[in-house]
Amino acid sequence: MTQRRGQSVAASGWRGVLAVFFLALGVRAAYLYQIRPLGFIEFPLSDARVYVDAAREIAGGEWLAPREFFHAPLYAYVLAAIRALTGDGLIGPRLFQILVGAAGCALTMLLGRCLFGATAGLAAGVLLALYPPVIFFDGLIQKTALEVFLSALCLWTLQRCVGPPPPTASDSEVGRYGWLWHGLCLGLLILTRQNALALVPVSLAAALTGRTQNTRLKRARSRAVCVVLLLLGVLVPIGPWAVRNRIVLGEFVLTTPNLGQNFAMGNRPGSSGTYETMTRGRGTGDLEQAAWERDVSRALGRPASPREISDHYLQRALQRIGEQPGEWLRLMAWKFGGVLGAYEWPDTEDYYLYLEHVPAARWMDRAWHFGVLLPLAAAGVWLTRRQWRQIWPLHAWLVVNVLAIALFVVFARYRSPLLPALAVFAAAAGVALVEAVRRREWRRVAVAAVVLLPAALIANGWWQRPRRAMPFAHTNHAVALANLKRFPEALREFDAALALDPNNVDAHWNRGSAWFDLGEYERAVADYGFAAQRDPTFAIAWRGLGDAHLRLGEFAESERAFRRAAELDPDDPRGRNGLAAAVASQGRVDEAVEILAGLVKDRPTFAEAWLNLGNAHLVAGRLDDAVAALDEAIRLLPTYADALSSRGVADAQRGRMDLATERFRAALAADPSHRAAGRNLIDALLQQQRVAEALAEVRRMRSANPQDAELRELETQIEMRRR
């Protein structure tokens, strides 16, 4: 292969770089335009929601990030900065990410040019620019777009440090001070993906063995300087976060204290190697972190620190591996197959679901996916084997990343740091094979095929999953649509999930929630009941069943369902809260008060329990106790419309109609559609002979519900009273 390694960008011009950048940007912009109808675009779920919420708090002034935030931090701060510039919408982050993604493709081109020449570099940039999974990642509210960019940047800066000296005088110090820049890039990657810490030894080895001065004394001194600069560069980004952890968590942790949880999650007995929620219906990071903390705190008999939680799960996972090494080795083999396979293992948002909405990407994916990329890259590794002394850091980067993914949890997005290196090797193979064919070097072509075919079998073998959307992908999309009140679309997505798996518990449960929100309580009972029957341990399905029965006035059935939910998950306050409501609805107010008093003792920050405790005291005529409970609910949530409305009722019962009116108005300010607060405000105004204001409030409510016969009749009565 003709090589021109070390060639500067200035020597060959910026045309290729700009061409790759704008090609990648244009493709991503077109893709982003086509996915705009998806529910995920406006309503992110799971980790995406955690990042959005953390960014909101950071942008609001909580610069150290919430204590319960245990994700890699860099992306949250990037989102916060974008939010400060563009507002709270999610189009700003997505536009930023397609720019970053396009820049990552341009950097991949530069990396390929440094290693294998201008033609291979251009091919590498184009291959990554048109690679459908990367285009998909760049459109997600996820840190993956940063990972691809930072991985390409790390590899490019590393190659400039270990490769031949650049020909330009301005770059003469890159071999020494370049290590500082490479360390900075690596530190930023670590703040984006914690397992990038495993790459530090690769860079250290490169710093110790790379080019330096001629004499032995100078060589040792120069290498020491390179190592120091590298480590300094790494510490500059991660040092402040380690200090933050010491301040906020009370412990010194370099990145995030969840290594043990992540390791245990991917190495549990019977695990599939990918993510599996610990408790059905509790699949978000914040809920799982709270569950981990509760479990370890109970085991210790005191509140557990974040490091203790991580250590507990790591030790437990290692103990299980020691007890069943054969099963663990089979699991590891399966996970290596997942890392190297063509199937894009999904997280909350499924790559194949997006392809259903973007025809061009779907057609591109048929010819250009991981099952094609990996064999081409394997051929490229073989064809460039004579250069291994110069490019071994690239080999080590791939090996370490594959191991780091397989040891924990397999997701398609977790292998994103592999993609720039794989694209470069694939491009090198393509250029070499074209040249070999042109020169009629058939033996070289045959040898490359011998390497390519086994890799193709590994990536595309019969043991790989079918490359199509899974039922949970349609379910998650339906949940996002339902949260946006796009119920017809949500119900169609639930139907699609159930067409693939009619007995899917999660689809039935979530569809029950959609029916509940639509006021279709009988249908909600049917879906919740199906989910609870198929999985009798599914506490949240029992709780939903209790809520639906409660709305239908079937109080005994509601009580039975809530009791079952509370038995299955005593840590879920909403189950006990619902049980109290069902009991109170049957006239057993004192029993409801007892349940709620125990609940607020266990969960003093659960505002809804304080509200219901206050309402129960109101029914029993204990105004002082009611006021105390309702005031606590309002203290916890100052804009809690239900609590403000009930507090107004308490004031009205005390004869303080002026205060009651203020409370009802505050409730409506928090939630203009709050019907009870509106009716209570009308009654309070009428009792104070403020008929004109009462009429104005009725008309306001009617403007939002023009077909409401009850409001129409009330308006007529007040108008007659006014005359």
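You'll find the structure just up there.
Residues numbered from 1 in each chain as written. Predicted model: local features only at pLDDT ≥ 70, side-chain atom pairs only at ≥ 80, totals over all residues. Heavy atoms only, no water.

Draft legend 1. How the structure looks around the overall build of the protein. Looking only at helices and strands, the protein has 37 helices and 0 strands in total. A principal-axis box enclosing the C-alpha atoms of the protein has dimensions of 100 × 55 × 50 Å. Taken across its 723 residues, the protein has 53% of its residues classed as buried. Only carbon and sulfur atoms are counted for the fraction: they give 59% of the accessible area of the protein, which is about 32,000 Å². Charged side chains of the protein number 82 positive and 69 negative; the gap between the two group centres comes to 13 Å. (Helix = DSSP H or I, 4+ residues; strand = E, 2+ residues; numbered from the N terminus. Buried < 20%, exposed > 50% of the residue type's maximum accessible area, 1.4 Å probe, protein only. Areas by Shrake-Rupley, 256 points an atom, 1.4 Å probe, with all protein chains shown as cover. Lys, Arg positive; Asp, Glu negative; His and termini not counted. Charge placed at Lys NZ, Arg CZ, Asp CG, Glu CD.)

Draft legend 2. Looking closely at helix α35 (residues 675–687). Compared with the 18 Å implied by 1.5 Å per residue over 13 residues, the 18 Å span of α35 between its first and last C-alpha is a close match. Within α35 the residues assigned to the buried category are Ala677, Gly678, Leu681, Ile682, Ala684, Leu685 and Leu686. (Expected span 1.5 Å × (residues − 1).)

Draft legend 3. Inspection of the side chain of His617 at higher detail. Along the chain, the position of His617 falls in helix α31 (residues 607–620). With residues near it in sequence (within four places) discarded, His617 still touches Val593, Arg622, Asp625 and Ala626. (Contact = heavy atoms within 4.5 Å.)

Draft legend 4. A look at the packing of aromatic side chains. Enumeration according to the criterion identifies 17 aromatic pairs in this entry. Taken together, a centroid distance of 5.5 Å and an interplanar angle of 70° make the contact between Tyr131 and Trp368 edge-to-face. With Tyr131 in the loop between α7 (118–129) and α8 (132–138) and Trp368 in the loop between α18 (359–367) and α19 (370–383), the pair connects residues that are 237 residues apart, well separated along the chain. Trp368 sits in the buried class, given a relative accessible area of 11%. Arranged with centres 5.5 Å apart and planes meeting at 15°, the rings of Tyr343 and Tyr352 form a pair that is stacked. For the residue pair Tyr343 and Tyr352, the accessibility class agrees, reading buried in each case. Taken together, Phe40, Phe136, Phe137, Tyr343, Trp345, Tyr351, Tyr352 and Tyr354 form an aromatic cluster joined through their ring pairs. Positioned above the aromatic ring of Phe370, the side-chain terminus of Arg415 is 3.7 Å from the ring centre. We note Arg465 situated over the ring of Tyr343; from NZ or CZ to the ring centre the distance is 5.5 Å. (Phe/Tyr/Trp six-rings, centres within 6.5 Å; stacked < 30°, edge-to-face > 60°. Lys NZ or Arg CZ within 6 Å of the ring centre and 35° of its normal.)

Draft legend 5. Quick peek at the pattern of salt bridges. One pass over the structure, following the stated rule, counts 33 salt bridges. The salt bridge involving Asp53 is made with Arg56; its shortest N-O contact spans 2.8 Å. With Asp53 and Arg56 both in helix α4 (residues 46–59) and 3 residues apart, this pair spans about one turn of that helix. With relative accessibility at 29%, the residue Asp53 sits in the partly exposed group. Its relative accessible area of 37% is what places Arg56 among the partly exposed residues. Arg444 is the salt-bridge partner of Glu441, the closest N and O atoms lying 3.8 Å from each other. Glu441 sits in the partly exposed class, given a relative accessible area of 29%. What makes Arg444 partly exposed here is its relative accessible area of 26%. Through salt bridges with shared partners, a single ionic network connects Glu559, Arg563, Arg588 and Glu591. (Salt bridge = Lys/Arg side-chain N within 4 Å of Asp/Glu carboxyl O.)

Draft legend 6. Highlighting the packing of helix α20 (residues 388–406) against helix α21 (residues 419–438). Following both chains from N to C, one finds α20 and α21 inclined at 125°, their axes separated by 10 Å at the closest point. The pairing of α20 with α21 is recorded here as oblique in orientation. The hand of the α20/α21 crossing is left-handed. Contacts between α20 and α21 involve Ile391, Leu394, His395, Trp397 and Leu398 from the first element and Ala421, Leu422, Val424 and Phe425 from the second. Residue classes in the contact of α20 with α21 are distributed as 8 nonpolar, 1 polar and no charged. (Axes fitted to C-alpha atoms, helices over the stretch in contact; angles between N-to-C directions. Parallel < 35°, antiparallel > 145°, perpendicular 65-115°, else oblique. Left-handed = near helix turned anticlockwise from the far one by under 90°. Nonpolar A, V, L, I, M, F, W, Y, C, P; charged D, E, K, R; others polar.)

Draft legend 7. Here's a closer look at the side chain of His508. Turning to its location among the elements, His508 is positioned in helix α25 (residues 505–517). Relative accessible area serves as the criterion here: at 8%, His508 is assigned to the buried category. With residues near it in sequence (within four places) discarded, His508 still touches Leu498, Pro502, Asn503, Asp527, Phe530 and Ala531.

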